[in-house]
Protein chains: 2
Amino acid sequence: MPAEFSPHSGCILIWPHRRDSWQNGAYAARTAFAELISIISRSEKVTVCARFEDYDEARRLLPAGVRVVEMSSDDSWARDVAPTFLTDRNGAIRGVDWGFNAWGGLVDGLYFPWDKDNKMARKLCDALDVDSYDCRDFILEGGSIHSDGEGTILTTEACLLSKGRNPDMTKDEIEEKLRQYLGAEKIIWLPCGIYRDETNEHIDNVCAFTAPGEVVLAWTDDQSDPQYEMCVRSKSALENAADAKGRKLKVHKLPLPKPVCITKEECEGLDDLNGEPTRTQGERLAASYVNFYIANKHVIVPQFGDENDSRALEILRTLFPTREVVGVYARDILIGGGNIHCVTQQIPNARQFRKDG
Amino acid sequence: MPAEFSPHSGCILIWPHRRDSWQNGAYAARTAFAELISIISRSEKVTVCARFEDYDEARRLLPAGVRVVEMSSDDSWARDVAPTFLTDRNGAIRGVDWGFNAWGGLVDGLYFPWDKDNKMARKLCDALDVDSYDCRDFILEGGSIHSDGEGTILTTEACLLSKGRNPDMTKDEIEEKLRQYLGAEKIIWLPCGIYRDETNEHIDNVCAFTAPGEVVLAWTDDQSDPQYEMCVRSKSALENAADAKGRKLKVHKLPLPKPVCITKEECEGLDDLNGEPTRTQGERLAASYVNFYIANKHVIVPQFGDENDSRALEILRTLFPTREVVGVYARDILIGGGNIHCVTQQIPNARQFRKDG
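Anyway, here's the lowdown on the structure attached to this text. Worth saying up front: this structure is predicted, and the values here are computed from it rather than measured.

### Some words on the state of the cysteines
Phase 1 of the analysis: Applying the stated criterion across every chain, the model contains zero disulfides over all chains.
Phase 2 of the analysis: Cysteine 207 of chain A takes part in no disulfide bond, and the closest cysteine sulfur, belonging to cysteine 231 of chain A, lies 11 Å away.
Phase 3 of the analysis: For cysteine 207 of chain A, a relative accessible area of 0% translates into the label buried.
Phase 4 of the analysis: Sulfur of cysteine 231 of chain B: no disulfide; nearest cysteine sulfur belongs to cysteine 192 of chain B and is 7.8 Å away.

Laid out in structure tokens, this is it:
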């Protein structure tokens, strides 16, 4: 599994539409999505999946070079429902089609049903004309794994060992699946992720590779915040780990913004589709700058109107000196439950051209 | 506009679903479609558009090498709703997105609404990542034109001058559109097509190029058949015409099958969705062997269980000596209102690779 900082041939996103995830019938989030897509499309071929009823609007709002394809979806988290793309022995691109159950199925999943989302990975492989590996008997989301491209996978115990995913598998069996499907040699487990992250604490909101042997870790110095203890435990796990090449990891702290909480007005913009409100006023959202996307020529970083916004950009500029580090105001994406990394999925470059037919 | 007998990079079909077009919830036609697709896929990359609700079934019934993409449609006539593909000055593929109004709109169209069909050409260009020409202000179906690849377009007056398509345009203005969008230099007009062809007598059911300067013409010697007079008029038009290169056309007669009429049982398999039955018992269908598809290595010809079935194959074998001429029993496609050519749309080879992004 190539690292995200390796060259991409493209990127996949899903046009937002779900009225109980996104404010005001998703119209608020669309502006942020359009800005994000516009930046990515400067250095990558972007494919946006839109439902039949949203197709014309997406086409109208997105640059002409962006490819819009009709595809049904339950929500808009491409990181978690699009395939995980690998290169095979011959350098050709393949997609892994994991099982998807809305982050916990009937145990603690976030919506029901999730069948449209679960079918997207297979369809995207068809649309992109790449072979797929059927791994639908194993529940995994792309946001719960990070790869350094050299045999190391980062993940969290809170997510992968959760009761709503693969409760009958031991940690060893889950490691074995990751080794088998991702070609991984070493799995580094963080105990947890970001406080109140409703994905059961995905890795991609708390820690990310910036280069082989180097990671950023979301960090707070506020010892009164429940997040503090979580950060300390994660830092300790990282410092005690070696990667697949035997290297100790260099850990760069990336400060968190102050707690971001949803307002009454924002809650009122969310429909109630499943008999209970998605969010309640004052609820803390899992805001983190780690949820950035590494495009070919840019690193696109969520911004929250916080005093740490510019500090996060500065740190990432030192870590990605060859890329332009760009902030996108992402509160309207955060309200949906994730951020820039969660709504994108990169397609690595093939190392050879695939023969057709 | 390249000729159909030029090399293709692929072919588009739409998985049948419409219950008032196709018998038994389209299950009868699916068998014929699957056989047809399987043959085409031996020498062309086939893309099949399936609705969300039909996707899994199409994927299950079709060979793994066939690409199935999710796309909403009103019916399944790829020839008429997919783009007409051209090569531009640089040899790159482009798609023309004609207006589509179900063969006559509110005047004598065959169903309402037709918005899903009308949106497919644009979406297919996106899915295939080719640029499209927006020509939606002009109503045209791919089945109403044939190209010899050398500047000549064949069409019928019955269709292109019909009241339900572009009633405010003169014949000269329509010619001008074809010249402009198809790069045509000469339009050859047949007066009519096949008796009771509900597309207002598309060219692709009555006459087709088999090579530059050569056509097959559907033919009957039965002077008591209303089709006879129509054949004589078309033959005369062809014999009096010269193509874009100034050549007289060589006309090969392709015998028609005996009239094919729908049975009571077949009518009972069609749902009534628009307040009136699609067909009535005994109704004559527009059966013709001319409705074949020229794939890279095959010519696929409808068969009706008629004594002329094998005669049609023999004639086409002499005209396409480098291709395997294959019959497919196509009564279940004919009942839908068209045949093999109507449900396919070829994508010509690009003469260069298109630069991405």
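Structure's up, so let's keep going.
### Side note on the layout of surface pockets
Phase 1 of the analysis: In this structure, the second largest pocket encloses a volume near 600 Å³.
Phase 2 of the analysis: As for the second largest pocket, its lining consists of 32 residues, of which Leu110, Glu198, Thr278, Arg279 and Glu283 of chain B are closest to the centre.

### A short note on the side chain of asparagine 200 of chain B
Residue and element names in this part refer to chain B.
Phase 1 of the analysis: For asparagine 200, the location among the structural elements is in the loop between strand 9 (186-190) and strand 10 (207-211).
Phase 2 of the analysis: Within the local environment of asparagine 200, its side chain forms a polar contact with the side chain of arginine 165, the two groups lying 2.8 Å apart.
Phase 3 of the analysis: Each residue touching asparagine 200, except ones within four places of it in the same chain, is listed here: Trp103, Asp108, Thr156, Ala158, Cys159, Ser162 and Arg165.

### Quick look at the interface of chain A and chain B
Phase 1 of the analysis: At the junction of the two partners, chain A supplies 23 residues and chain B supplies 23 residues.
Phase 2 of the analysis: Summed over both sides, the interface of chain A with chain B buries roughly 2,000 Å², with 47% coming from carbon and sulfur.
Phase 3 of the analysis: On the chain A side of the contact with chain B, Phe52, Glu70 and Asp126 of chain A bury the most area, a combined 29% of that side's loss.
Phase 4 of the analysis: For the interface between chain A and chain B, the tally reads eight salt bridges.
Phase 5 of the analysis: Among the salt bridges present, the one from lysine 119 of chain A reaches aspartate 56 of chain B, with a minimum N-O distance of 2.8 Å.
Phase 6 of the analysis: If you look at where chain A meets chain B, you find 16 residue pairs in polar contact (both at pLDDT 80 or more).
Phase 7 of the analysis: Sorting elements by how many residues they give to the side of chain A that touches chain B places helix 6 (residues 120-128) of chain A first, with five residues.

Scoring rules and cut-offs
Residues numbered from 1 in each chain as written. Chains lettered and ligands numbered in written order. Predicted model: local features only at pLDDT ≥ 70, side-chain atom pairs only at ≥ 80, totals over all residues. Heavy atoms only, no water. Disulfide = S-S within 2.5 Å. Buried < 20%, exposed > 50% of the residue type's maximum accessible area, 1.4 Å probe, protein only. 1 Å grid on protein atoms, 1.4 Å probe; cavity = no way out; pocket = protein on both sides within 12 Å on 5 of 7 lines; lining within 4 Å. Points joined across faces, edges and corners; volume = space filled by probe spheres on them. Helix = DSSP H or I, 4+ residues; strand = E, 2+ residues; numbered from the N terminus. Polar contact = N/O pair within 3.5 Å; in protein donor to acceptor, adjacent residues only side chain to side chain. Contact = heavy atoms within 4.5 Å. Buried area = accessible area lost by both parts, 1.4 Å probe. Salt bridge = Lys/Arg side-chain N within 4 Å of Asp/Glu carboxyl O.

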